[in-house]
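# A closer look at the structure
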Amino acid sequence: LHLPVSEINQAVEGPRTDWDRFARMTPADPSWDGLHLAGDDNTFGVPALWVFSWYDISVAPNVALYKHARENTSTERARDAQHMIIGPLPHCQFGEEKKESKVGDRDLGDARFDYTARYLEWFDYWLKGVQNEALERPSVRYYQMGANTWITGESFPPEGTRYIDLYLDSDGN
């Protein structure tokens, strides 16, 4: 463990990356405004299999970009071919789930998912023309934390989601 987090790369004599700059930015830093992956005027014309984790630093922007791509496609074919998977393990640990997966002290239960089979099915369909079930799968699959189960659907967030504002304070209560 090394604190502050913004100095980890320097402490281990690692290469300088964009992460160093991002780690020093506060959430309200106006520099974030210039880092959009897509603008409102961008459309998408290709199929995409979006895969990320609840523990990715950018899960919210990734979900927003998935939704933006799905709602702003240049063809019906592209719109219907935006699929998303959100797994429970840390960044780039897809496929390492076990019957009893854990992140830190958090028990995730049986979080196994065959990512490799899904990738191969997807790429076989789109790159090789193999007629398989790639597009018959639900558009959205995510691991529901707490319930420790995989959920599927056609949209995200799920229908009926109710948003609430939570305000944190640091006075010890």
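Here we summarise the structure given alongside this text. (Residues numbered from 1 in each chain as written. Predicted model: local features only at pLDDT ≥ 70, side-chain atom pairs only at ≥ 80, totals over all residues. Heavy atoms only, no water.)

## What about the layout of surface pockets?
Convention followed: Points on a 1 Å grid, built from protein atoms alone, make a cavity when a 1.4 Å probe fits but cannot get out and make a pocket when they are open with protein on both sides within 12 Å along at least 5 of 7 lines; residues with an atom within 4 Å of a point are the lining residues. Grid points are joined across faces, edges and corners, and a volume is the space filled by probe spheres set on the points. Where helices and strands are cited, they refer to DSSP runs of H or I of at least four residues and of E of at least two residues respectively, numbered from the N terminus. Residue polarity is assigned by list, with Asp, Glu, Lys and Arg as charged and Ala, Val, Leu, Ile, Met, Phe, Trp, Tyr, Cys and Pro as nonpolar; anything else, Gly included, falls into the polar class.
The computed volume of the second largest pocket comes to approximately 160 Å³. Lining the second largest pocket we find 14 residues, and of these Phe113, Arg118, Glu121, Arg137 and Arg141 sit closest to its centre. Mapped by element, the contributors of at least two residues to the lining of the second largest pocket are β2 (82–87) and α5 (115–128). Tallied by class, the residues present in the lining of the second largest pocket amount to 6 nonpolar, 3 polar and 5 charged.

## Looking at the packing of aromatic side chains
Let me state the cut-off plainly: Stacked, tilted and edge-to-face pairs are distinguished by plane angle, under 30 degrees for stacked and over 60 for edge-to-face with tilted covering the rest, among Phe, Tyr and Trp rings (Trp via its six-membered ring) whose centres lie within 6.5 Å. The buried label applies to any residue whose accessible area, calculated with a 1.4 Å probe on protein chains only, is under 20% of its type's maximum; exposed applies above 50%, and partly exposed to all values in between.
Taken as a whole and assessed by the stated rule, the structure comprises 10 aromatic pairs. Measuring from centroid to centroid gives 5.0 Å for phenylalanine 113 and tryptophan 150, while their planes differ by 35°, and the two rings are tilted. With a gap of 37 residues between them, phenylalanine 113 in the loop between β4 (106–109) and α5 and tryptophan 150 in strand β6 (residues 149–153) connect regions that are remote in the sequence. For tryptophan 150, a relative accessible area of 17% puts it in the buried group. A ring pair is formed by tyrosine 142 and phenylalanine 156, whose centres lie 5.1 Å apart and whose planes are at 75°; its orientation type is edge-to-face. Highlighted residues: tyrosine 142 in strand β5 (residues 140–144) and phenylalanine 156 in the segment after β6, separated in sequence by 14 residues. By relative accessible area, tyrosine 142 is classed as buried at 9%. Phenylalanine 156 sits in the buried class, given a relative accessible area of 14%. Ring-pair connections join several aromatic residues into one group, and the members of that group are Phe113, Tyr115, Tyr119, Tyr143 and Trp150.

## Some words on the sheet that holds β5
Rule in force here: We call two strands paired when DSSP finds no fewer than two bridges between them. Note on geometry: axes are lines fitted to C-alpha atoms, helical ones only across the stretch in contact, with angles between N-to-C directions running from 0 to 180 degrees.
Ordered by their spatial adjacency, 4 strands build an open sheet running β1-β2-β5-β6, and the pairing between neighbours is mixed. A single partner strand is all that each edge strand has here, and the edge strands are β1 (48–53) and β6. Going across the sheet, the axis of each strand differs from the next one's by a mean of 20°, ignoring polarity.

## Description of the environment of methionine 145
The cut-off we apply is this: It only takes one pair of heavy atoms within 4.5 Å for two residues to be counted as in contact.
Mapping methionine 145 onto the fold places it in the loop between β5 and β6. On the accessibility criterion, methionine 145 (23% relative accessible area) is partly exposed. Ignoring anything within four residues of it in the chain, the contact list for methionine 145 reads Trp54, Tyr55, Pro88, Arg106 and Leu108.

## Overview of the pairing of β6
Inspection of the sheet shows β5 paired to β6 by 5 bridges, in the antiparallel sense. Across the sheet, tyrosine 143 pairs through a bridge with tryptophan 150, a residue of β6. Linkage of β5 to β6, two consecutive antiparallel strands, is achieved through a turn of 4 residues, within which glycine 146 is found at a positive phi near 90°.

## Topic: the pattern of salt bridges
Rules: The term salt bridge refers to a side-chain nitrogen of Lys or Arg lying within 4 Å of a carboxyl oxygen of Asp or Glu.
One pass over the full model with this rule turns up 7 salt bridges. The salt bridge involving arginine 79 is made with aspartate 80; its shortest N-O contact spans 3.6 Å. For arginine 79, a relative accessible area of 34% puts it in the partly exposed group. Judged by relative accessible area, aspartate 80 falls into the partly exposed class, the value being 39%. Between arginine 118 and glutamate 121 there is a salt bridge, with its nearest N and O atoms 3.0 Å apart. Placement of both arginine 118 and glutamate 121 in helix α5 is noted, with a separation of 3 residues, approximately one turn of the helix. The exposure class of glutamate 121 is buried, given its relative accessible area of 13%. What emerges from the salt-bridge pattern is a single network uniting Arg118, Glu121, Glu133 and Arg137.

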